[in-house]
Amino acid sequence: MSEIEFLSWVRGPGFQIATIIFIAGVFIRIAEILLLGRKANLAEAKGSEMSSGLRTVLTRSVPDKATFQRSAYTFTAGYIFHLGLFVTIFFYAPHILMFKDVIGISWPSLPSPVVDAFTVVSIIALLVILAHRMSNTVLRFLTTGEDYLVWLVTFLPFITGYIAFHRMWLTSPTLIAMHILSVELLIIVLPFTKLMHSFTFVLSRWYGGAISGYRGVKS
Amino acid sequence: MNNNEDKTLEEMTRDEKTHDERTLGETLRSQGISRRSFLKFCAATASMMAMSPAMIPKIARALEQARRPSVIWLSFQECTGCTESLTRSHAATIENLIFNTISLDYHHTLQAASGTAAEAAREAAMKENFGKYLLIVDGSIPLDNPGYSTIAGISNVDMLMETAAGAAAIIAVGTCASYGGIPHANPNPTGAVSVTDIIKDKPIINVPGCPPIPVVITGVLTQFLTFGSLPELDDIGRPMAFYGKSIHDRCYRRPFYDKGLFAETFDDEGAKKGWCLYKLGCKGPTTYNACATTKWNNGTSFPIESGHPCLGCSEPDFWDGGGFYKSISMPTENITKTVIYTAAGAAAAGVAIGAINRSRKNKAVASHSKTGIDDLSK
Ligand code: SF4
Ligand code: SF4
């Protein structure tokens, strides 16, 4: 297989396969969760479920002071790389073109050097997170194989993207193909691991907020 | 010493030699090429092929002494664009003369003879120069049915095998001969393959491009004539000297790419300002060719300079990259349909699985028995 064939494969059949698994996985899992249903609450509602739920979806993005102080490391590094993920995925011009092709809409991009800087910071944050996880006794005890897998599939697109952008060591078609392949790996793994939180966080936060809203208390 | 006498003597000897026995230097001189412009050509060739300037006199000496090599040119499933590219230079360049200096013993577009006479010329050249001639091929070879493309009743694959047997080396000119090219594009109706797919036991140099740049051919010929050796090749058989860098690496619009300034359409402000053509489908980042430096039409410009994205014509399967105006980061196939169908299917499956889960839950609830005081006393 020549490198161009490799690139054609990841852009063609590979992308199709990964997309099918990703979409199917995400939809089935969300449908399952929604259809689980909830027991009818017989208590009288003291407030609105919806508004409290929606508010919580946003407010939970800010950690409360006590929680933050307890694990400042995880929070800071975690924040940085989540922000990095957001910026690199959604504001790098070639990525926006991909979204435009798939979902038909596009938006302005950030200059490449800015995205590059976010990538570097995110890579460092991810490494810090891994080091912290491995050096902290309690964290290491709690860590499963899945956690390492999830870390790896998140890290790979960053590092391959960085190398491809700077065209280090290998030739461009191979580098770009490896980057696309790493993203395909990520989206294939996503629905079946805790990475699913990228979708379910909305549901779980809403649910938490809704319970409080129903009871008329602040979430 | 009488210089004049010497010269006359030299000229006399030269005239006595038959056309074919003349060295390249002699031929060039007889065509009125001055030594100065010949050396200039050698210098340009050396720099083009990334050789040190110290090599220039060596190249010059070797080239002057070189005998005209016999060249057989086979055209299979092709459009003659490659031949056009090599022969339609607007001015008589030295590159061109070098090309004219080879003994092109068979080329069914360029030769005067046709039919049996042409085939006889090929056979004679093969016999006379067995093991020494250069074979140039353009066009792909159909394997599905030999009748798809024949010359004088001989199928392409048979002619290639027969002619390759006595070749010192093969140059596959154009993307079709190098990688199958357009005939090989999906769904490849003729079962077209490249020269390397068929010939395994000869040195093969791929000079892809649709069409390839003329000086690349003369560059390879020069090296072959000068050193009797073949240039260093990359992993898909292309001379490194020409295909070692990508279009993107040498593109003058690169600073715009780096800054993230792109033309969105062919006539917007960005296009007028000469911004990067990535969004218009430019394949420069994944295409290895010399266009950005050697340029086309006697060094006038190259496609990106006239505002058109690179098509990636020197790469295998460039025709199947999902469209010339689709950028590299886009999937090649229509993914929107896949997304919609999968989502619909998966939603249905999710509902079904949800229903099963529910009935399981209900069953569990129904079969649930409470532990009473009696159970505890058991
Ligand atoms: S126009 Fe094409 S080759 Fe030039 S910088 Fe842009 S993407 Fe690269
Ligand atoms: S710019 Fe690209 S498509 Fe155009 S001739 Fe050069 S390599 Fe081929």
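Source: prediction; values computed, not measured.

*Asks:* In this structure, what is going on with the overall build of chain B? I would like to understand it.
*Replies:* Along the backbone of chain B there are 18 helices and nine strands. Across the 378 residues in chain B, those meeting the buried criterion constitute 49%. Sequence separation of at least 24 residues holds for 74% of the intrachain contacts in chain B that already meet a minimum separation of 6. With the model as given, the accessible surface of chain B reaches about 18400 Å², and the carbon-plus-sulfur share is 56%.

*Asks:* How should I be thinking about the interface of chain A and chain B in this particular structure?
*Replies:* It is common to give the size of an interface as the accessible area lost on bringing the parts into contact. Opposite the 38 residues of chain A that make contact, chain B presents 44 residues. Linking chain A with chain B are one salt bridge, by the criterion used here. Counting across the interface, chain A meets chain B through 14 residue pairs in polar contact (both at pLDDT 80 or more). Looking at the side of chain A that touches chain B, the elements with two or more residues in it are α1 (3-11), α2 (13-36), α6 (93-103), α7 (112-135) and α10 (172-189) of chain A. Ranked by the residues each element gives to the side of chain A that touches chain B, the list is headed by α2(A), at 13 residues. In terms of residue class, the side of chain A that touches chain B is built from 23 nonpolar, 10 polar and five charged.

*Asks:* Would you mind showing me how to read the site of ligand 2 here?
*Replies:* Around ligand 2, the neighbouring residues are B:T287, B:N289, B:C291, B:W296, B:P303, B:C310, B:L311, B:G312 and B:C313. For the shell around ligand 2, the class distribution of residues is six nonpolar, three polar and no charged.

*Asks:* Quick question: what am I supposed to make of the nonpolar core here?
*Replies:* Most often, soluble globular proteins have nonpolar side chains that are buried together. Residues and elements named next belong to chain B. Counting residues in hydrophobic clusters, the biggest one holds 35 residues, and the most contacted among them are L134, I171, V173, V207, I213, F302 and I304. Going through the elements one at a time, β1 (70-75), α5 (81-87), β3 (133-138), β7 (167-173), β9 (204-207), α11 (214-227), α12 (240-243) and α16 (291-294) are the ones with two or more residues in this core. Examining the composition of this core, we find that six residues originate from one element, α11, more than from any other. No fewer than three residues from each of domain 1 (66-243) and domain 2 (247-376) sit in this core.

*Asks:* Help me understand empty space enclosed by the protein, please; the structure alone is not making it clear to me.
*Replies:* Once rolled over the atoms, a probe with the size of a water molecule shows which space is left empty. Residues and elements named next belong to chain B. Applying the stated criterion to the full structure yields three cavities of 30 Å³ or more. Of the residues contributing to the lining of the largest cavity, the split by class is six nonpolar, five polar and four charged. By volume, the second largest cavity is sized at about 90 Å³. Taken together, 13 residues form the lining of the second largest cavity, with H248, C251, C276, L277 and C282 sitting closest to its centre. Only α13 (247-250) and α14 (254-259) provide two or more residues apiece to the lining of the second largest cavity. In terms of residue class, the lining of the second largest cavity is built from nine nonpolar, two polar and two charged.

*Asks:* Mind showing me how you'd approach the domain arrangement of chain B here?
*Replies:* Residue and element names in this part refer to chain B. By domain assignment, chain B separates into domain 1 (66-243) and domain 2 (247-376). Look at where the C-alpha atoms of domain 1 and domain 2 centre, and you get two points 37 Å apart. Taken residue by residue, the interface counts 23 residues in domain 1 and 17 residues in domain 2. Buried area between domain 1 and domain 2, both sides added, is near 1500 Å², and the carbon and sulfur share of it is 64%.

*Asks:* Just to check I follow, could you spell out the site of ligand 1 for this structure?
*Replies:* Residue and element names in this part refer to chain B. In the vicinity of ligand 1, the contacting residues are H248, C251, R253, R254, Y257, C276, L277, Y278, C282, G284, P285 and I304. Given that more than half its atoms are within 2 Å of the pocket grid, ligand 1 belongs to the second largest cavity. Here the residues of the shell around ligand 1 are counted per class, giving eight nonpolar, two polar and two charged.

*Asks:* Help me out: how do you make sense of the packing of α1(A) against α10(A) in this one?
*Replies:* Residue and element names in this part refer to chain A. Put simply, α1 and α10 touch, their axes get as near as 9 Å, and they point 25° apart. Here α10 runs roughly parallel to α1, going by the angle between their axes. The two elements α1 and α10 cross, and the hand of that crossing is left-handed. Of α10, the residues touching α1 (which contributes E3, I4, F6, L7, W9, V10 and R11) are P173, T174, I176, A177, M178, I180, L181 and E184. Its residues placed into classes, the contact of α1 with α10 shows 11 nonpolar, one polar and three charged.

*Asks:* Please clarify how the packing of aromatic side chains should be interpreted in this entry.
*Replies:* Pairs of aromatic rings are described using the distance from one ring centre to the other and the angle between the two planes. Counting across every chain of the model gives 17 aromatic pairs over all chains. On the basis of an interplanar angle of 85° and a centroid distance of 5.2 Å, the ring pair of B:W319 and B:F324 is categorised as edge-to-face.

*Asks:* What is the right way to look at helix α5 (residues 72-91) of chain A in this model?
*Replies:* Each α-helix winds once per 3.6 residues, and so residues spaced three or four apart point in a common direction. All names here are of chain A. When the terminal C-alpha atoms of α5 are compared, their 28 Å separation across 20 residues agrees well with the 28 Å that a helix rising 1.5 Å per residue should span. Within the sequence span of α5, burial applies to A77, G78, F81, G84, V87 and T88. Here the buried face of α5 lies against α6, α7 and α9 (145-166).

*Asks:* Would you mind showing me how to read the confidence of the model for chain A here?
*Replies:* Do not read the predicted coordinates in detail wherever pLDDT is low. Across chain A, the average pLDDT comes to 84, with 99% of residues at or above 70. Per-element confidence in chain A is highest for α10(A), whose mean pLDDT is 91, and lowest for helix α3 (residues 49-59) of chain A, whose mean pLDDT is 72.

*Asks:* Sorry if this is basic, but what is going on with unusual backbone geometry here?
*Replies:* Working note: non-glycine residues mostly have negative phi, and peptide bonds are mostly trans. Along the chain, B:N186 connects to B:P187 via a cis peptide bond; the corresponding omega equals 5°. With respect to the helices, strands and loops of the structure, B:P187 is situated in the loop between α9 (174-179) and β8 (192-193). Cis geometry marks the peptide bond from B:C210 to B:P211; its omega dihedral reads 0°. With respect to the helices and strands, B:P211 occurs in the loop between β9 and α11. Even without being a glycine, A:W169 presents a positive backbone phi close to 65°. Structurally, A:W169 can be placed in the loop between α9 and α10. Located in the positive-phi region is B:D317, a residue other than glycine, with phi close to 55°.

*Asks:* I would appreciate a short explanation of the confidence of the model for chain B in the present structure.
*Replies:* Across chain B, pLDDT averages 81, with 89% of residues at or above 70. pLDDT under 50 marks residues 1-19 of chain B. Its contacts with residues more than four places away, or in other chains, come to eight contacts.

*Asks:* Help me understand a nonpolar patch on the surface in this model?
*Replies:* Residues and elements named next belong to chain A. On the surface, M1, W9, I17 and L181 cluster together to form a nonpolar patch covering roughly 420 Å² of accessible area. Looking at where M1 falls in the secondary structure, it is placed in the segment before α1. Note on M1: relative accessible area 73%, which makes it exposed.

*Asks:* What is the right way to read the pairing of β1(B) from this model?
*Replies:* Moving residue by residue along a regular strand, the side chains alternate between the two faces of the sheet. Residue and element names in this part refer to chain B. The buried fraction of β1 is high, at six of six residues. The alternating pattern of β1 places S70, I72 and L74 and V71, W73 and S75 on opposite faces, both of which are buried. Here β1 pairs with β3 via five bridges, running parallel. Following the sheet pairing, V71 is matched in β3 by L134.

The rules we used
- Residues numbered from 1 in each chain as written.
- Chains lettered and ligands numbered in written order.
- Predicted model: local features only at pLDDT ≥ 70, side-chain atom pairs only at ≥ 80, totals over all residues.
- Heavy atoms only, no water.
- Helix = DSSP H or I, 4+ residues; strand = E, 2+ residues; numbered from the N terminus.
- Buried < 20%, exposed > 50% of the residue type's maximum accessible area, 1.4 Å probe, protein only.
- Contact = heavy atoms within 4.5 Å.
- Areas by Shrake-Rupley, 256 points an atom, 1.4 Å probe, with all protein chains shown as cover.
- Salt bridge = Lys/Arg side-chain N within 4 Å of Asp/Glu carboxyl O.
- Polar contact = N/O pair within 3.5 Å; in protein donor to acceptor, adjacent residues only side chain to side chain.
- Nonpolar A, V, L, I, M, F, W, Y, C, P; charged D, E, K, R; others polar.
- Near = heavy atom within 4 Å.
- Core = buried A, V, L, I, M, F, W, Y, C linked by side-chain atoms within 4.5 Å.
- Domains from an automatic or database assignment.
- 1 Å grid on protein atoms, 1.4 Å probe; cavity = no way out; pocket = protein on both sides within 12 Å on 5 of 7 lines; lining within 4 Å.
- Points joined across faces, edges and corners; volume = space filled by probe spheres on them.
- Buried area = accessible area lost by both parts, 1.4 Å probe.
- Sits in = over half its atoms within 2 Å of the grid points.
- Axes fitted to C-alpha atoms, helices over the stretch in contact; angles between N-to-C directions.
- Parallel < 35°, antiparallel > 145°, perpendicular 65-115°, else oblique.
- Left-handed = near helix turned anticlockwise from the far one by under 90°.
- Phe/Tyr/Trp six-rings, centres within 6.5 Å; stacked < 30°, edge-to-face > 60°.
- Expected span 1.5 Å × (residues − 1).
- pLDDT = per-residue confidence, 0-100.
- Patch = residues over 30% accessible without salt bridge, like charges linked within 9 Å, V, L, I, M, F, W, Y side chains within 5 Å.
- Pairing = 2+ DSSP bridges.

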